[in-house]
Amino acid sequence: MSYEVIVVGAGPVGLVLAIELELAGIKPVVLERLAEPAPQRKSRGVGPLAFEALQRRGFGPALEACQPERQDEKKRDHGSAKNHFAWIHKIDPDLPEEPDRTGRLIWQPDLERILAERVVALGIDVRRESTVTGLVQTAGQVALTVSTPDGERQLEAAYVVGCDGGHSAVRRLAGFDFPGTDPIMTARQAQVQFEDPEKLPPSGRLEGGMLIHGPGVLGAFDFLEGPDVPRGPVTPEELQASVRRVAGVEVTITEVSDALRFTDNARQAGTYRIGRVLLAGDAAHVHSPNGGQGLNLGLTDAVNLDWKLAAEVRGDAPEGLLDSYSEERHPAGAAVLDNTRAQSALMRPGPHADALREIVSELMDIREVNQYFGRLLGGLATHYPFSYVKPDDHQLIGCYCPDLAFVTNGPSRLSNVTTTGRAVLVTSAVPEAANGWRDRLELVEVDSIGDDRLSAVLVRPDGVIAWACAPGESPDEAQLRTALTTWLGAQA
Ligand SMILES: Cc1cc2nc3c(=O)[nH]c(=O)nc-3n(C[C@H](O)[C@H](O)[C@H](O)COP(=O)(O)OP(=O)(O)OC[C@H]3O[C@@H](n4cnc5c(N)ncnc54)[C@H](O)[C@@H]3O)c2cc1C
């Protein structure tokens, strides 16, 4: 039996991709190596673009529910409620000009549980204890070898998406290259029991790296370890040795649980597509978790890809649509890798980094610079240069649309009209040009759009502004027609 799309990996990116494909009318099969979801608390939250993507599909209330508790927890562990660049905690979480565009705090296992509940509700076929070990691509399909408790299976699909994390088997088996930079830091994070916690210096930057600790939690970002990093589970002895290098103190750790070891290895696949095999999330890019950007990047990959892949599978994709996934998302990934490299450079021990940190820290007190860092880490500076846009056209075309608060028979929001997963045209008067695409569009007629930069806006299924009109200007109908054709195909 051949499937339309096989998603490899039921981490957050694979789950979101599967949900979105289902919404777009495609029946995905998800293959996952683990018998149960991983319990490790990797990510502490999702950035603004990922939150907005989840909010557009109705996950907003579930994500909002845990905010007060998580905010207290973050303040306790980080010593600050502000966001950080290279652990310089100065970034105001709310951008003054767009205060609603912030991330949300949620531990990764909780996020995965919420996503898994939707996956079950939609009846998506998720096969656990199914590890992809082989992949052969031919002109018409991709054949996977899958190891299961009942033996080896062969599955075929028209397309395969590797959402199988940083050590992606799909990436390796399909022949993607993965260039980048080697780590200069190894970090360990765990729940711990100490005999002598009073010996630890306060959290912060120390002679060998960064130490973060709170009640029962320890994180050591170690720059002095060298290349011979132990493998396998993190032991109390390994963590003690790392604390010795980072903080210069000898502590006795009696118990370690939920431990993670990670580095600032920064690598990215050269392209996210080879024929019928695509990559998304950590499978496409790995970098240090500094700044909490991995999920923002990976979930934004998933929502950029799903509607394009669905159109390709259905056979109604306009020319070049699927290739635009890698063209758009590769530069976004490269930008994140670069800012995490910059953070590692600033976290390195020694007087040169000390001096540079001092300057960056002072610069962050300047309001515009502070906003720059907020936009950088949140991905809000992302802008796609569409070929049909000229320099004088609306500056928001190619940017992610905020959750507009408009008025249509009473107050409403963009996220209330995006749950179908279709593109949305919000306008006070439907332009003639839109009529040919009514079968593929949500048309929302509003009294007021709720953003003084806009009088009409076409939003792609992934939240990107495909076309816009400023107040007081007449709509450029030719450009609207081009935008609709580019993203949704020829008119009916
Ligand atoms: C300590 C730490 C803190 C972090 N903090 C943040 C943060 O605050 N904010 C943030 O945005 N990001 C953070 N991240 C990054 C974030 O956790 C990752 O970006 C995210 O997990 C990527 O999701 P994913 O679905 O792409 O991959 P994964 O979560 O790795 O999921 C991949 C899935 O594929 C499965 N799989 C692997 N190989 C196979 C195979 N051969 N066959 C079948 N299945 C397979 C795996 O079992 C796994 O379930 C952090 C990471 C770490 C390590």
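Residues numbered from 1 in each chain as written. Predicted model: local features only at pLDDT ≥ 70, side-chain atom pairs only at ≥ 80, totals over all residues. Heavy atoms only, no water.

Under the annotation held in an unreviewed UniProt entry, the chain carries the name FAD-binding domain-containing protein and is attributed to Kribbella jiaozuonensis. For the record of the chain, the UniProt heading Cofactor (unreviewed entry) holds the text "FAD". (UniProt positions renumbered as here; feature names shortened; annotations may be inferred.)

Asks: For this particular structure, what's the right way to read helix α8 (residues 294-314)?
Replies: In an α-helix, one turn spans 3.6 residues; hence positions three or four apart end up facing the same way. Along its 21 residues, α8 runs 30 Å from first to last C-alpha, staying within 8% of the 30 Å computed at 1.5 Å per residue. Along α8, the sharpest change in direction is near 25 degrees and occurs at Leu305. Burial runs high along α8: 17 of the 21 residues are buried. Positive phi appears at Gly315, one or two residues downstream of α8, with a value of about 90 degrees. (Helix = DSSP H or I, 4+ residues; strand = E, 2+ residues; numbered from the N terminus. Expected span 1.5 Å × (residues − 1). Bend = angle between axes of the 7 residues up to and from the residue. Buried < 20%, exposed > 50% of the residue type's maximum accessible area, 1.4 Å probe, protein only.)

Asks: Would you mind going over the pairing of strand β8 (residues 131-137) with me for this structure?
Replies: When a strand is regular, its side chains alternate between the sheet's two faces. One ladder, built from six bridges, connects β8 with strand β9 (residues 142-148); its direction is antiparallel. Each residue of the ladder has a partner; that of Thr131, found in β9, is Ser147. As consecutive antiparallel partners, β8 and β9 are separated by four residues. (Pairing = 2+ DSSP bridges.)

Asks: Is there a simple way to think about the site of the ligand in this case?
Replies: Residues in contact with the ligand amount to 32 residues; listed here are only the nearest, Glu32, Ser43, Gln108, Asp282 and Leu295. If the ligand stood free it would expose 1000 Å²; the protein chains cover 89% of that surface. Elements supplying a minimum of two residues to the shell around the ligand: α1 (12-23), β8, β16 (253-263) and α8. No other element matches α8, which puts three residues into the shell around the ligand. Here the shell around the ligand is composed, by residue class, of 12 nonpolar, 14 polar and six charged. (Near = heavy atom within 4 Å. Areas by Shrake-Rupley, 256 points an atom, 1.4 Å probe, with all protein chains shown as cover. Nonpolar A, V, L, I, M, F, W, Y, C, P; charged D, E, K, R; others polar.)

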